[in-house]
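Report on the structure
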Amino acid sequence: MRKVAIEIEIKSKSYGKRIEPLPALNGFALTVGEGEKVAIVGESGVGKTTLLNILGLIDRKFEGEYRLLGQDVDKLSEQELASWRNSSIGFVLQESALINTLSISDNITLPILYSRPRIDDWRQRFEEIVSLLGIGHIVNKKPLECSGGEKARAVFARAIIMRPSVILADEPTGSLDEENRERMLRLLFGLNEDYGVTIVTVTHDSYVAGKHDRVVQLKSKD
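Okay, so let's go over this structure.

Parameters and conventions
Residues numbered from 1 in each chain as written. Predicted model: local features only at pLDDT ≥ 70, side-chain atom pairs only at ≥ 80, totals over all residues. Heavy atoms only, no water. Pairing = 2+ DSSP bridges. Helix = DSSP H or I, 4+ residues; strand = E, 2+ residues; numbered from the N terminus. Buried < 20%, exposed > 50% of the residue type's maximum accessible area, 1.4 Å probe, protein only. Lys, Arg positive; Asp, Glu negative; His and termini not counted. Salt bridge = Lys/Arg side-chain N within 4 Å of Asp/Glu carboxyl O. Polar contact = N/O pair within 3.5 Å; in protein donor to acceptor, adjacent residues only side chain to side chain. Contact = heavy atoms within 4.5 Å. Axes fitted to C-alpha atoms, helices over the stretch in contact; angles between N-to-C directions.

1. What about the pairing of strand S1 (residues 4–12)?
- Pairing of S1 with strand S2 (residues 28–33) involves 6 bridges; the strand directions are antiparallel. Opposite Ile8, over in S2, you have Leu30 as the bridge partner.
- Where S1 meets strand S4 (residues 63–68), 6 bridges bridge the pair, whose relative direction is antiparallel. Bridging from a neighbouring strand, Ile10 pairs with Gly64 of S4.

Right under this line is the structure:
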């Protein structure tokens, strides 16, 4: 029987007293087993990205309970939360913009800088990921010198370089052509098969959603 990686119940979620709550997330509950691949689908504005931000410990302003990898996140300090975000969660989020003043190489290896203890084989990891994603030709460039698809693959490389236990992806293939979409999916699901990484993906792409073990649809309740 699978252990539980994610167990969350959101009793209510809104963006402040003057803003209407997100109906789809009020009373929402989700359990994801370790090593499971779950796709989240739903119309725009229903709260899919907000849900990922909550799961990723970025947005904590909700009423409810959340256990991640067996840990009650409400009991974690801000420093502990930051450590969990860096080491245990890989983000492929729309908000995860690359830092334009850094090279692609430095952007990808940024999580290594904050890891304690440091990862000994980080250079090998970097070379393998860059090769698999086909972005070796841009590692010395700045993000503004790269295409949207190249930047998307660089963001993905940064998300997986720490070999996180959970990957949260928001439209990870949205800006990619068919060839690079397949390349990214092979690498993403390879991590799932080889290391048991748990994957939660928000997507509008029915093909991508269908590659997951389970599809959860968020629907507005109004």
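That was the structure; now back to the text.
2. Remarks on the side chain of Glu150
- If you trace the backbone, Glu150 turns up in helix H6 (residues 148–160).
- Arg153 is the oppositely charged side chain nearest to the buried, salt-bridge-free Glu150, at an N-O distance of 4.9 Å.
- A distance of 3.0 Å separates polar atoms of two side chains, one belonging to Glu150 and the other to His137.
- Excluding residues that lie within four positions of it along the chain, Glu150 makes contacts with Ile135, His137 and Ile138.

3. Overview of the sheet that holds strand S9 (residues 214–217)
- Here 5 strands make up an open sheet; going across it, the order is S6-S7-S8-S3-S9 and the pairing parallel. Each having just a single partner strand, strand S6 (89–92) and S9 make up the two edges of the open sheet. Averaged over all neighbouring strand pairs, the angle between strand axes comes to 15 degrees, with direction disregarded.
- Relative to strand S8 (residues 198–202), helix H7 (residues 178–195) is tilted by about 150 degrees, and along the sheet it contacts strand S3 (37–41), strand S7 (166–170) and S8.

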